[in-house]
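If you want the building blocks of each chain, they are given just below.
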Amino acid sequence: MASSSQGPPGGQSFDTFYKELKQVEKRDETLTPKLQIERLLRPGYTYRNLNPYEVLQVDPDLTLEEVKKKFRRMSILVHPDRNPDDCERSQTAFDAVKKAWTVLEDKNTRKACMDVVEEARGRTKMNMEEKKKKLRREGKSSAIEEDDPIHFKKAVNILTMKLFADLERKRQANENKISEDAQKKREKEIEEETKKEKMQEFEKNWEESRQGRVDSWMSFKKGVPGTGGPDKEKKKEKKIKNKYSPIGFRPPKPKPEQR
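Residues numbered from 1 in each chain as written. Predicted model: local features only at pLDDT ≥ 70, side-chain atom pairs only at ≥ 80, totals over all residues. Heavy atoms only, no water.

**Things to note about the packing of helix 6 (residues 87–105) against helix 7 (residues 107–137)**
- The contact between helix 6 and helix 7 brings their axes to 5 Å, and the two run at 95°. As far as their axial angle goes, helix 7 and helix 6 are roughly perpendicular. The segment helix 6 lies against helix 7, with Thr-102, Val-103, Leu-104 and Glu-105 engaging Lys-107, Thr-109, Arg-110 and Cys-113.
- A class-by-class count of the residues in the contact of helix 6 with helix 7 yields 3 nonpolar, 2 polar and 3 charged. (Axes fitted to C-alpha atoms, helices over the stretch in contact; angles between N-to-C directions. Helix = DSSP H or I, 4+ residues; strand = E, 2+ residues; numbered from the N terminus. Parallel < 35°, antiparallel > 145°, perpendicular 65-115°, else oblique. Contact = heavy atoms within 4.5 Å. Nonpolar A, V, L, I, M, F, W, Y, C, P; charged D, E, K, R; others polar.)

**Some thoughts on helix 8 (residues 149–208)**
- The terminal C-alpha atoms of helix 8 lie 87 Å apart, and with 60 residues this matches the ideal 88 Å at 1.5 Å per residue to within 8%.
- The complete set of buried residues in helix 8 reads Pro-149, Ala-155, Val-156, Leu-159, Thr-160, Met-161, Leu-163, Phe-164, Ala-165, Asp-166 and Glu-168.
- Among the residues of helix 8, the N-terminal cap falls to Asp-148, whose side-chain oxygen and the backbone nitrogen of Ile-150 are separated by 2.9 Å. (Expected span 1.5 Å × (residues − 1). Buried < 20%, exposed > 50% of the residue type's maximum accessible area, 1.4 Å probe, protein only. Polar contact = N/O pair within 3.5 Å; in protein donor to acceptor, adjacent residues only side chain to side chain.)

**Focus on the environment of Glu-119**
- Considering the arrangement of structural elements, one finds Glu-119 in helix 7.
- Residues Glu-119 and Leu-159, 40 residues apart in the sequence, show an inter-C-alpha distance of 9.0 Å.

**What about the nonpolar core?**
- Membership of the largest hydrophobic core comes to 27 residues, with the highest contact counts inside it found for Leu-40, Tyr-53, Val-55, Leu-56, Val-67, Val-78 and Val-97.
- Elements with a minimum of two residues in this core: helix 2 (33–40), helix 4 (52–56), helix 5 (64–78), helix 6, helix 7 and helix 8.
- In terms of residues, this core owes the most to one element, helix 6, which gives 6 residues.
- Not counting the four nearest positions on each side in its chain, Leu-56 is found in contact with Val-67, Lys-70, Phe-71, Met-74, Val-97, Ala-100, Trp-101 and Leu-104. (Core = buried A, V, L, I, M, F, W, Y, C linked by side-chain atoms within 4.5 Å.)

**A word on the confidence of the model for the chain**
- Looking at the chain, pLDDT values average 79 and 74% of them are 70 or higher.
- Least confident of the elements in the chain is helix 10 (residues 230–241), whose mean pLDDT is 54; most confident is helix 6, at 95.
- Here residues 1–11 is a poorly scored stretch, pLDDT under 50, and it has 12 contacts once near neighbours within four places are set aside; other chains count. (pLDDT = per-residue confidence, 0-100.)

**A short note on a nonpolar patch on the surface**
- Together, Val-214, Trp-217, Met-218 and Phe-220 give the surface a local cluster of nonpolar side chains, amounting to about 390 Å² of exposed area.
- Mapping Val-214 onto the fold places it in helix 9 (residues 210–222). (Patch = residues over 30% accessible without salt bridge, like charges linked within 9 Å, V, L, I, M, F, W, Y side chains within 5 Å. Areas by Shrake-Rupley, 256 points an atom, 1.4 Å probe, with all protein chains shown as cover. Salt bridge = Lys/Arg side-chain N within 4 Å of Asp/Glu carboxyl O.)

Here it is in structure tokens:
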């Protein structure tokens, strides 16, 4: 009778899987400060380091106390004081480690991260089932690579990283939208303020010129030359001229003959 329970269809026992997993973790723990810095700053680290479990190299199911121990060891390795020859890069790596611990230390953000991991696990299992169905339809063996716990964990880690990256992109898009909306709102406010200032300036000029308009109108009514009065003088002159004929005198109209 076997001393250990059997694992997935791949035939690998749990004891073997656990042994290999511990070997991987032990190997990672022996990474030198330089190699840890390289790991944390490898291409695509901006998105890779969004996953706090990946940064600290811890299993999501570890207790908070165990994660804290790993954080302390990792922070010492990449601390700038321990890497004076690579101070700038080590500071970036240290900041990533510190941020990862801050996220996992908080109960709410740790739960949010665990939700992402659980979603990745669920999606990976669904993807595995789809692969198996396809193989069965083709008349092939339904055994797939992810049946191996190590490969399953790797697939989950990759998908977890992708989900964290998707969340970050959505967050940035939302921030950009808020920023654009705020910019549009500000532009509208500036436009309204400009219109208001122009209206106030117009009203001010209109009020200041009120007395001038009143004086001009009063002068016009009195017939003062240069203010519209000459029109009346012209009409009066025309009326006098109509009393005379071209020869200087306008004869009276003839009366009808009486019989």
